[in-house]
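One-letter residues, chain by chain:
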Amino acid sequence: MTKMTTGTKIFAWIMVVWNALGVMAFVSQLLLTPEMIALLPEAQQEAYNNIPLWSYVAYALAVFGGLLGTLMLALGKKLAFPLLVISLVGVLVQQFYNFVIIDSIALLGPSVVILPSLVVVIAIILVMVSKRGTKAGWLK
């Protein structure tokens with residue numbers, strides 16, 4: 001196969017939007033003011049006030065790598081694969097912080113697992129699709 005299917009193109013553009021929403025969430029978190037954080041329960045305030053730089057870097061790699069990677073995927077470029085691998089690594093490091101270091105399940109309840117699980121699954125699928133596209137030749 002040397003041409004991306006229409007379904008894959010549609011999927012890729014939907015993933016561009018998905019990752020743009022991730023960038024917006026990242027920027028929103030960066031823009032939280034001390035007054036906004038003060039409105040949260042005390043345990044959540046503690047978590048927000050103590051996020052280490054490496055977690056922010058992982059988050060940035062996850063969302064910006066994801067956005068650029070899916071854009072490259074939608075445009076049929078091989079650069080999609082390494083960018084999406086970087087994004088996946090960022091996602092995994094960020095989730096390690098969220099679920100192992102600060103135990104966000106104890107902090108926010110079990111429902112907090114749903115969206116991060118979806119993010120991990122989508123990041124893995126994107127890496128697999130981009131790898132397949134590189135091997136099949138429809139990413140050039």
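Quantities reported herein were computed from a predicted structural model and do not represent experimental measurements.

1. Regarding the nonpolar core
In terms of nonpolar packing, the biggest core is built from 21 residues, with Leu 73, Ala 80, Leu 84, Val 91, Leu 126, Trp 138 and Leu 139 touching the most fellow members. Contributing elements (two or more residues each) for this core: helix H1 (6-30), helix H4 (53-74), helix H5 (80-101) and helix H7 (114-136). If you tally residues by element for this core, the top one is H7, at six residues. Ignoring any residue separated from it by four or fewer positions in sequence, one finds Leu 73 in contact with Met 4, Ala 12, Ala 80, Leu 126, Val 129, Ser 130, Trp 138 and Leu 139. Counting five residues, the second-largest nonpolar core is a separate cluster that includes Phe 26, Tyr 59, Ala 60 and Val 63.

2. Thoughts on the packing of H4 against H5
At a minimum axis separation of 7 Å, H4 and H5 run at an interaxial angle of 150 degrees. With respect to H5, the element H4 is oriented roughly antiparallel. Judged by the sense of rotation from one axis to the other, the crossing of H4 with H5 is left-handed. By residue class, the composition of the contact of H4 with H5 is 17 nonpolar, eight polar and no charged.

3. Here's the deal with the confidence of the model for the chain
With 99% of its residues at a pLDDT of 70 or more, the chain has an overall mean of 93. Of all the helices and strands in the chain, helix H6 (residues 104-108) carries the lowest mean pLDDT, 80, while H4 carries the highest, 97.

4. Some words on a nonpolar patch on the surface
Together, Trp 54, Val 85, Val 89, Val 93, Phe 96, Val 100 and Ile 101 make up an exposed nonpolar region whose accessible area comes to about 590 Å². The leading source of residues in the nonpolar patch is H5, at six residues. For Val 89, the location among the structural elements is in helix H5.

5. Observations regarding the layout of surface pockets
Looking at the largest pocket, its volume works out to about 890 Å³. Together, 33 residues line the largest pocket, and Gln 29, Tyr 59, Gln 94, Gln 95 and Asn 98 are the ones closest to its centre. When residues of the lining of the largest pocket are traced back to their parent elements, those giving at least two are H1, helix H3 (42-49), H4, H5, H6 and H7. Along the lines of polarity and charge, the residues of the lining of the largest pocket split into 23 nonpolar, ten polar and no charged.

6. Structural notes on unusual backbone geometry
A positive phi is found at Asp 103, a non-glycine position, where the angle reads about 50 degrees. By the element assignment, Asp 103 lies in the loop between H5 and H6. By relative accessible area, which is 35% here, Asp 103 ends up partly exposed.

7. Side note on H4
With 22 residues, H4 ought to run about 32 Å at 1.5 Å a step, and its terminal C-alpha atoms sit 31 Å apart, in line with that. Just past H4, the residue Gly 76 takes up positive phi, approximately 75 degrees.

8. Here's the deal with the packing of aromatic side chains
The full count for this structure, using the stated rule, is three aromatic pairs. For the pair Phe 26 and Tyr 59, a centre-to-centre distance of 4.9 Å together with 85 degrees between the ring planes defines the contact as edge-to-face. Taken as a pair, Phe 26 in helix H1 and Tyr 59 in helix H4 lie far apart in primary sequence, 33 residues in all. Taken individually, Phe 26 and Tyr 59 each receive the classification buried, so the pair is uniform in this respect. One aromatic cluster is present, built from ring pairs that chain together Phe 26, Tyr 59 and Phe 64.

9. Some thoughts on the environment of Gly 90
Here Gly 90 lies in helix H5. Taking the C-alpha atoms as reference, Gly 90 lies 8.4 Å from Gly 65; in sequence the two are 25 residues apart. Setting aside anything within four residues of it in sequence, one finds Gly 90 in contact with Ala 58, Leu 61 and Ala 62.

Rules used in this analysis
Residues numbered from 1 in each chain as written. Predicted model: local features only at pLDDT ≥ 70, side-chain atom pairs only at ≥ 80, totals over all residues. Heavy atoms only, no water. Core = buried A, V, L, I, M, F, W, Y, C linked by side-chain atoms within 4.5 Å. Buried < 20%, exposed > 50% of the residue type's maximum accessible area, 1.4 Å probe, protein only. Helix = DSSP H or I, 4+ residues; strand = E, 2+ residues; numbered from the N terminus. Contact = heavy atoms within 4.5 Å. Axes fitted to C-alpha atoms, helices over the stretch in contact; angles between N-to-C directions. Parallel < 35°, antiparallel > 145°, perpendicular 65-115°, else oblique. Left-handed = near helix turned anticlockwise from the far one by under 90°. Nonpolar A, V, L, I, M, F, W, Y, C, P; charged D, E, K, R; others polar. pLDDT = per-residue confidence, 0-100. Patch = residues over 30% accessible without salt bridge, like charges linked within 9 Å, V, L, I, M, F, W, Y side chains within 5 Å. Areas by Shrake-Rupley, 256 points an atom, 1.4 Å probe, with all protein chains shown as cover. Salt bridge = Lys/Arg side-chain N within 4 Å of Asp/Glu carboxyl O. 1 Å grid on protein atoms, 1.4 Å probe; cavity = no way out; pocket = protein on both sides within 12 Å on 5 of 7 lines; lining within 4 Å. Points joined across faces, edges and corners; volume = space filled by probe spheres on them. Expected span 1.5 Å × (residues − 1). Phe/Tyr/Trp six-rings, centres within 6.5 Å; stacked < 30°, edge-to-face > 60°.

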